[in-house]
Amino acid sequence: MNAPWKPGAGGRDPFAAFICDETALDTLRPVVIEMGWQPEKCAKGGLRNAVQSLSVSASPNILMVDLSESGDPLNDINALAEVCEPGTVVVAIGQVNDVRLYRDLLASGIHDYLLKPLSAGQLRDALTHAQAVFAAPKASDPDAAKRHISTAVVGTRGGVGASTLATSLAWLFSADHKLPTALLDLDVHFGTGALALDLEPGRGLTDAIDNPSRIDGLFIERAMIRANDNLAILSAEAPINSPLMTDGSAFVQLEEEFRHAFEMTVIDLPRNMLINFPHLLADVNVVVLATEMTLASARDTIRILSWLKTNAAHAQPLIVANKVQAGIAEISKADFEASIERKIDFTVPYDLKAAANAAKLGQTFADANRASKASTAIRQLAESVIGASDEDAGDSPAGKKSLLGSFDFKSLLAKKDKAAARADA
Ligand SMILES: Nc1ncnc2c1ncn2[C@@H]1O[C@H](COP(=O)(O)OP(=O)(O)O)[C@@H](O)[C@H]1O
Ligand SMILES: [Mg+2]
């Protein structure tokens, strides 16, 4: 491929920077010259100047922005997304050393985040890498696109049916939609992912937790248990006589590997894991929140939704009311929706016979009971997960609304795209 970062194509500059202080500019300019770019493109200013400038001119291929003077970097980055053309690779710099901010920035589509004070070596590495990413085939190329949708299923309380939904979704993705799917059961001690499919969990997940450094493509291939041609699961019945020793890095590593090896990831994510390892949601596209129509579940739906807003704003929540029985709910649907201040997305009826049938057959709920109303609702949920994230994955309307055409769009940006497209229409 000839160098696409050379000026010319589409009139876009190869590089532009908006930097708040002279010291950083002095470090940056020589590196920019080394890269063959114009040092005049390193402007004094921060994120706001970048937004102003890009709203009236074409976006560069690689954009460096200084967040140091931004009070609310994540929010301002979204403003940047609105004026930035697809495909631009954004490298942020700043002085806040905070892993959460770092992850949130990456989740919102930023390519990299560099901490001040800057060094020439660090800048060289980051810009070379950004250049490689820009030159690589874009995800918006239908041929090159390898989309991946990661779904976390969380129950507001134990027993609401989160694992039932997680295993059913994984089955539907893999068997009905023929999508290569990984099911990661993070109920490490009491998981039912393998049990629901009548399989032995094996030692894979336990090994991964014990030796996160061993996790790679080969490990995944060996450690996962096959449930059908397209479904592999990682589950454990970890011993209950000693506490789990992990900082969560194994789980993040696994998610990363799944992203390469599969098209769908389903994570059965117990809510305590959410609290202990919030970064598990950094790359999750959809959160299925399973709930029952009870007072306690309403309260915890509110709390978890608010947690998601703060900690995983990029993930799209879908609320699934499970085990719903007409007329005998602790709270009515209307009251439940009023208290959580939004609609329930899917309602799955209570169906004891279907649950018993699934257990008897050693099949997932949705697979064992094709004709039941409950399974129909779960199939609709599966389609919605696939559909919702389809929009995230890159076919955004033409125009300059989305950041980074080369990355999975996060739902926040995709929603903005849709709103803008509607406004344009
Ligand atoms: N719609 C339903 N109707 C009847 N029983 C259900 C339904 N959904 C789940 N169950 C049953 O409820 C029990 C708890 O489900 P599970 O998925 O393990 O919950 P969780 O993972 O949220 O703790 C299981 O025995 C399951 O078969
Ligand atoms: Mg469970």
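In what follows, the accompanying structure is described. From a predicted model like this one, the values you see are computed outputs, not experimental measurements.

## A word on the overall build of the protein chain
- Secondary structure summary: the protein chain contains 17 helices and 13 strands in total.
- Counting over 425 residues, the protein chain shows a buried share of 46%.
- Counting only contacts in the protein chain whose residues sit at least 6 apart along the sequence, the fraction spanning at least 24 positions is 74%.

## Examining the sheet that holds strand 7 (residues 181–185)
- Within the open sheet, the eight strands sit side by side as 8-9-7-10-6-11-12-13. Their pairing is mixed. Each having just a single partner strand, strand 8 (225–228) and strand 13 (346–349) make up the two edges of the open sheet. The sheet shows a mean angle of 20° between the axes of neighbouring strands, direction not considered.
- Inspection of the sheet shows strand 8 paired to strand 9 (residues 231–234) by three bridges, in the antiparallel sense. Residue pairing for strand 9: Ile 225 is matched across the bridge by Ile 233.

## Quick word on the packing of helix 1 (residues 22–34) against helix 5 (residues 120–135)
- Relative to each other, helix 1 and helix 5 sit at 50°, their axes nearing to 9 Å. As far as their axial angle goes, helix 5 and helix 1 are oblique. Judged by the twist between their axes, the crossing of helix 1 over helix 5 is right-handed. Across from Thr 27, Leu 28, Pro 30 and Val 31 in helix 1, the residues of helix 5 making contact are Ala 120, Leu 123, Arg 124 and Leu 127.
- Tallied by class, the residues present in the contact of helix 1 with helix 5 amount to six nonpolar, one polar and one charged.

## Overview of the environment of Pro 14
- Relative to the assigned elements, Pro 14 resides in the segment before strand 1 (15–19).
- With 48 residues separating them in the primary sequence, Pro 14 and Ile 62 have C-alpha atoms 6.1 Å apart.

## Considering the site of ligand 1
- In the vicinity of ligand 1, 18 residues are found, and the nearest of them are Gly 161, Ala 162, Ser 163, Thr 164 and Ala 355.
- Those elements that place two or more of their residues in the shell around ligand 1 are helix 6 (162–176), strand 12 (316–324) and helix 14 (352–361).
- Taken together, the residues that form the shell around ligand 1 break down as eight nonpolar, eight polar and two charged.

What counts as what
Residues numbered from 1 in each chain as written. Chains lettered and ligands numbered in written order. Predicted model: local features only at pLDDT ≥ 70, side-chain atom pairs only at ≥ 80, totals over all residues. Helix = DSSP H or I, 4+ residues; strand = E, 2+ residues; numbered from the N terminus. Buried ≥ 20, exposed ≤ 12 C-beta atoms within 10 Å, placed from the backbone. Contact = placed C-beta atoms within 7 Å. Pairing = 2+ DSSP bridges. Axes fitted to C-alpha atoms, helices over the stretch in contact; angles between N-to-C directions. Parallel < 35°, antiparallel > 145°, perpendicular 65-115°, else oblique. Left-handed = near helix turned anticlockwise from the far one by under 90°. Nonpolar A, V, L, I, M, F, W, Y, C, P; charged D, E, K, R; others polar. Near = placed C-beta within 6 Å.

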